[in-house]
Amino acid sequence: MTADLNATTSIPDRTGIDDTFLAGFDRPLSREGTGALKWDGRGGVFATNDVLPVWVADMDFAVPEAVSAALMARAAHPIYGYSLMPEAVYETLIGWLWDRHQWRVERDWILPAPGVVPSLHAAVLAYTQAGEGVIAQPPVYFPFFSAITGNARRLVENPLLEEGGRYRIDFEHLERCAADARLLLLCSPHNPVGRVWTEDELREVLRIARKHGLVVLSDEIHHDLVYPGVRHRPLATLAEEGDRIITAVAPSKTFNIPGLGLSALVVRDAGLREPLRQAYAHLHFGGANPFSTTAFAAAYQHGAAWLDSLMVYLAETRDEVVRTFAREAPSIRVVDAEGTYLLWLDCREWCRVRHLDDEALKRFFVREARVGMSPGILFGRGGAGYMRLNIGAPRTVIREVVRRMVIALAG
Ligand SMILES: Cc1ncc(COP(=O)(O)O)c(C=O)c1O
């Protein structure tokens, strides 16, 4: 099955969806004063606090109740010392990957790590030498670039191709890049363009990687956040014997717990795992945080129904945003997301008409609409003239964001 469906016109199936969860997503919950980067950090990013923040990738939704209950139970024991990695972390991840992604993973394949970004750095250090090429496919989550250049590796870019608002991988160019690189950082699903790569696309990535002896790190942190009717395929489930695949997974985006910082790399091949273990030891990744492990296990164990409802809720929000722009501000084209709660807005026409560069585009939305989004240019080549809108918030908030933008664009 392909991931290609006309998402804007699909009506999410609400069968089996719990209305209590949907009502919960509608409930505004103030995060101001909690030290939330998205809210309390907006003054530093937008030079004003008078914006609705829809930038950094976390959601303004309460986590599943089972997660907060487990954290409170753990907090009730008043010693928070050095901790072991509980077996529950391995067991619940194995269970989740099987139930949700039909991927059978063994305990030995799992390397827990604080965050996915630290693991990107570890992988770059483990599999490449200074000066060697590492491929990234912009526009892409920008820490991919610093993981490469910040470790004195050479950034080899394979820009995504865009046609009529749909992105695809330039396989011909990837093949040429692969001849000049050791490692590919794949973003799957792809932040910020919202693609969920199809099985055919992933098989082609594997074919090229195999031919050129590339290691592929597949960052699948958004793998659970796919819209109804779309299927994410873990790259590793399509691999053949000898393929060198590392997969980054985490409950952090899925269940809105990224501030707790716990993820895992899954590496089947023991030989491939060893350099990573060494990099982890070198970077001192060892410790387990008693709160992050508690939330990790509780989310994977109890969060499935919450997540099903979340994706229905987000799909309805996405569809409404797409429709509203198409009807009321057609100079902005919303790229249809198959996954992630991040919408990629093509503002190039607006920039052209108004003679705006990227700085002026960001300023326009901050000053005229009082909306704080991530400028597309941050995501590298192909990001100029785009903005990234995070719809992970109650629909009333997103409606207000869109209303403000529509008025500003009409002015
Ligand atoms: C593709 C991708 N990888 C990694 C991260 C961040 O991972 P972590 O917070 O675990 O370092 C994000 C956050 O937006 C992301 O989009």
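Reading the values: the criteria
Residues numbered from 1 in each chain as written. Predicted model: local features only at pLDDT ≥ 70, side-chain atom pairs only at ≥ 80, totals over all residues. Heavy atoms only, no water. Domains from an automatic or database assignment. Contact = heavy atoms within 4.5 Å. Buried area = accessible area lost by both parts, 1.4 Å probe. Salt bridge = Lys/Arg side-chain N within 4 Å of Asp/Glu carboxyl O. Axes fitted to C-alpha atoms, helices over the stretch in contact; angles between N-to-C directions. Helix = DSSP H or I, 4+ residues; strand = E, 2+ residues; numbered from the N terminus. Parallel < 35°, antiparallel > 145°, perpendicular 65-115°, else oblique. Left-handed = near helix turned anticlockwise from the far one by under 90°. Nonpolar A, V, L, I, M, F, W, Y, C, P; charged D, E, K, R; others polar. Expected span 1.5 Å × (residues − 1). Buried < 20%, exposed > 50% of the residue type's maximum accessible area, 1.4 Å probe, protein only. Polar contact = N/O pair within 3.5 Å; in protein donor to acceptor, adjacent residues only side chain to side chain. Pairing = 2+ DSSP bridges.

A.B. asks: Requested: an account of the domain arrangement of the chain, with residues and values cited.
C.D. replies: Buried accessible area, meaning the area lost when the parts come together, often serves as the stated size of an interface. Domain annotation for the chain reports domain 1 (7-64 + 304-410) and domain 2 (67-302). Each of domain 1 and domain 2 was reduced to a C-alpha centroid, and the two centroids are 24 Å apart. With 37 residues of domain 1 at the contact, the number on the domain 2 side is 38 residues. Together, the buried faces of domain 1 and domain 2 total about 3200 Å²; carbon and sulfur atoms form 58% of this surface. Per-residue buried area on domain 1 facing domain 2 is highest for E338, F379 and R381; these three make up 23% of the total on that side. Across the domain 1-domain 2 interface, the total number found is six salt bridges.

A.B. asks: Give me the packing of helix α12 (residues 304-328) against helix α15 (residues 395-410): which residues, what numbers.
C.D. replies: Taken N-terminus to C-terminus, the directions of α12 and α15 make an angle of 15°; their axes are 11 Å apart at the nearest point. Regarding the angle of α12 to α15, the classification is roughly parallel. Helix-helix and strand crossings are classified by hand; for α12 and α15 the assignment is right-handed. Facing α12, whose interface residues are Y313, E316, T317, E320, V321, T324, F325 and E328, α15 presents R395, I398, R399, V402, M405, V406 and L409. Looking at the contact of α12 with α15 residue by residue, the classes come out as eight nonpolar, two polar and five charged.

A.B. asks: Outline helix α11 (residues 290-302), supporting the account with residue identities and numerical values.
C.D. replies: For α11, which comprises 13 residues, the first-to-last C-alpha distance of 18 Å matches the rise-based estimate of 18 Å (1.5 Å per residue) to within 8%. Of all the 13 residues making up α11, ten are buried; the element is thus mostly covered by neighbouring parts of the structure. Every buried residue of α11 is listed here: P290, S292, T293, T294, A295, F296, A297, A298, A299 and Y300. The inward-facing, buried residues of α11 contact α4 (65-76) and α5 (87-101). One side-chain oxygen of the residue at the start of α11 lies 2.7 Å from the amide nitrogen of F291, identifying that residue as N289.

A.B. asks: Hey, could you go over the sheet that holds strand β11 (residues 333-335) for me, with residue numbers and the actual values?
C.D. replies: Taken in spatial order, the four strands of this open sheet run β11-β12-β15-β14, and their pairing is antiparallel. Among the strands making up the open sheet, the edge pair consists of β11 and β14 (374-375).

A.B. asks: Would you mind going over the pattern of salt bridges in detail, with residue names and values included?
C.D. replies: One pass over the structure, following the stated rule, counts 34 salt bridges. Of the charged contacts in the structure, one is a salt bridge between E201 and R195, with a shortest N-O distance of 2.7 Å. Take E201 and R195: they sit in the same class, and that class is buried. Measuring nitrogen to oxygen at the nearest pair gives 3.6 Å for the salt bridge that ties R210 to E240. Taken together, the positions of R210 in helix α9 (residues 199-212) and E240 in the loop between β8 (215-219) and β9 (245-249) put the pair 30 residues apart, joining distant regions of the chain. For R210, a relative accessible area of 35% corresponds to the partly exposed category. On the basis of relative accessibility, which here comes to 47%, the residue E240 falls in the partly exposed class. One salt-bridge network, held together by shared partners, links R31, K38, D58 and D60.

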